[in-house]
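Residue-level structural notes
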Amino acid sequence: MKDKTSSVNNIYKLDGRVPISKAIPFGLQHVLAMFVSNLAPISIVAAAAGLTQPEIAILLQNAMFVAGIATLIQLYPLWKVGAKLPIVMGVSFTFVTVLSTVAVNYGYPAVIGAVLVGGIFEGTLGLLAKYWRRIISPIVAASVVTAIGFSLFTVGARSFGGGYVEDFGSAENLLLGTITLGVCLTWNCLMKGYLKQLAVLAGLVVGYVVAIFMGKVDLTVIFADGIVALPKLLPYKPEFNMGAIFSVCIIYLVSAAETIGDTTAMVSSGLNREISDQEISGSLACDGYSSVVSSLFGCPPVTSFSQNVGLIAMTKVVNRFTIMTGAISMMCAGLLPPVGNFFASLPESVLGGCTIMMFGTILTSGMQMVANAGFTQRNVTIAALSLSIGIGFTTASEIGLWHIFPEMIQSVFSANVVAVVFVASIILNMILPKNMR
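Focus on the packing of helix H7 (residues 171-190) against helix H8 (residues 199-213)
- Here H7 crosses H8 at 145°, and the two axes come no closer than 8 Å. As H7 packs across H8, the resulting crossing turns out to be right-handed. From H7, Leu176, Ile179, Thr180, Val183, Cys184, Trp187 and Asn188 reach across to H8, where they touch Ala199, Val200, Ala202, Gly203, Leu204, Val206, Gly207, Val210 and Ala211.
- When grouped by side-chain class, the residues that make up the contact of H7 with H8 number twelve nonpolar, four polar and no charged.

Brief notes about helix H9 (residues 242-270)
- Taking 1.5 Å per residue as the helical rise, H9 with its 29 residues ought to reach 42 Å, and the 41 Å between its terminal C-alpha atoms agrees with that figure.
- Of all the 29 residues making up H9, 24 are buried; the element is thus mostly covered by neighbouring parts of the structure.
- Sitting at the head of H9, Asn241 places a side-chain oxygen 3.0 Å from the backbone nitrogen of Gly243.
- Residue Asn272 follows H9 closely and has a positive phi angle near 55°.

Concerning unusual backbone geometry
- The phi angle at Lys84 is positive, at roughly 60°, despite the residue not being glycine.
- Position of Lys84 relative to the elements: it lies in the loop between helix H3 (53-75) and strand E1 (89-91).
- We classify Lys84 as partly exposed; its relative accessible area is 44%.
- Of note, the phi angle at Leu234 is positive, near 50°, even though the residue is not glycine.
- Among the secondary structure elements, Leu234 is positioned in the loop between H8 and H9.
- Residue classification places Leu234 among the partly exposed positions, given a relative accessible area of 45%.

Focus on the packing of aromatic side chains
- Tallying each qualifying case throughout the model produces six aromatic pairs.
- Summarising the aromatic geometry, the rings of Tyr108 and Tyr236 are spaced 5.2 Å apart at their centres and angled 65° between planes, so their arrangement reads as edge-to-face. Of this pair, Tyr108 sits in helix H5 (residues 108-127) while Tyr236 sits in the loop between H8 and H9, and the two are 128 residues apart along the sequence.
- For Tyr108, a relative accessible area of 3% puts it in the buried group.
- Given the relative accessible area of 14%, Tyr236 is considered buried.
- What links up through ring pairs into an aromatic cluster is the set Trp402, Phe405 and Phe413.
- The positively charged end of Arg158 is found above the aromatic ring belonging to Phe168, 3.9 Å away from the centroid.

Reading guide: rules and limits
- Residues numbered from 1 in each chain as written.
- Predicted model: local features only at pLDDT ≥ 70, side-chain atom pairs only at ≥ 80, totals over all residues.
- Heavy atoms only, no water.
- Axes fitted to C-alpha atoms, helices over the stretch in contact; angles between N-to-C directions.
- Helix = DSSP H or I, 4+ residues; strand = E, 2+ residues; numbered from the N terminus.
- Left-handed = near helix turned anticlockwise from the far one by under 90°.
- Contact = heavy atoms within 4.5 Å.
- Nonpolar A, V, L, I, M, F, W, Y, C, P; charged D, E, K, R; others polar.
- Expected span 1.5 Å × (residues − 1).
- Buried < 20%, exposed > 50% of the residue type's maximum accessible area, 1.4 Å probe, protein only.
- Polar contact = N/O pair within 3.5 Å; in protein donor to acceptor, adjacent residues only side chain to side chain.
- Phe/Tyr/Trp six-rings, centres within 6.5 Å; stacked < 30°, edge-to-face > 60°.
- Lys NZ or Arg CZ within 6 Å of the ring centre and 35° of its normal.

Structural measurements only, silent on function.
Below, the structure written as structure tokens:
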């Protein structure tokens, strides 16, 4: 009995054996938390490029397969590529605006070419992280993590209301999100032991069932694409446009900042320690080179998912084998269309009911990191000023502040609180005197 209990408790350890029957539910919980968000960016960019629905369906299938591969590399590194941490990877929302612009102006093959070159750029930058890592001080990382938490609040609210649909904020969507959130909270209060950490999965399952009875799920689409389908390599031949490549590489720097923040938050909240240079280097290298693989399958860049960082902050489940079962599930979803269609049919309001609290935990993790860095006058100045500029200048009602800047600058910073906080905190960290007492 002691050995069995010990193996179950390994879910709270980075390495260690966990019974497969216990690992799978936690792995599925991670997949369900990010699945819809993994598919949405592709749909937006592909639509901007004028691709047909069958073409988009192929890309969605490829995206699930690539996300599984990238997650496996983060968990079990190849050489120096990968952080050996429970980081879940998926297609990034950060690139949607710039890639949509590239798609409209130059076509989808130019999107793939820019993603490929940009991925090599970020991956190489990651391998060289030891030479520039020192500029990311603890207070800079803490400010970025806090900004990520703030940036996700609107994402959680949008999902809670039903996502980008005509009936956004309808009584049905709000009721569905509330029921899901209520199940998560009730489960968390009543369950004990490792079962307590499955609150999100319980909410997703109950919410999905309720959504079926409410007519919010179309079950006929699950088997619409056949039973088995292999991912298609090089569905589009890359084209290399220097303007597109330059614009996308700039966004890769923003994505790198988010990955540093996500990885730092995960290590801080899940492993209760500071992140190492090797882990930052590996996570960024995986971010970049996995994006190269993603481009070969016709998909946008992949990156760490903040939803899953929030889930780890809530549950403290950091076991790599456990998260690996989720990665395998994503790959199966890419090979078996019914599995992917089932996951994709999860209503946004159900997802919002589960994630709205998870996003809050990222913010609190950032606050804890600020406290750990110390409330010196210098640290307080960096955090306070970078956050006030980042949040204030990117609020939708104040976005006009950026109208005098070139279009490329606007596309990178005007609506991206994380990018602004990252740049502002680094500049302040470099110019402020070390001793401000």
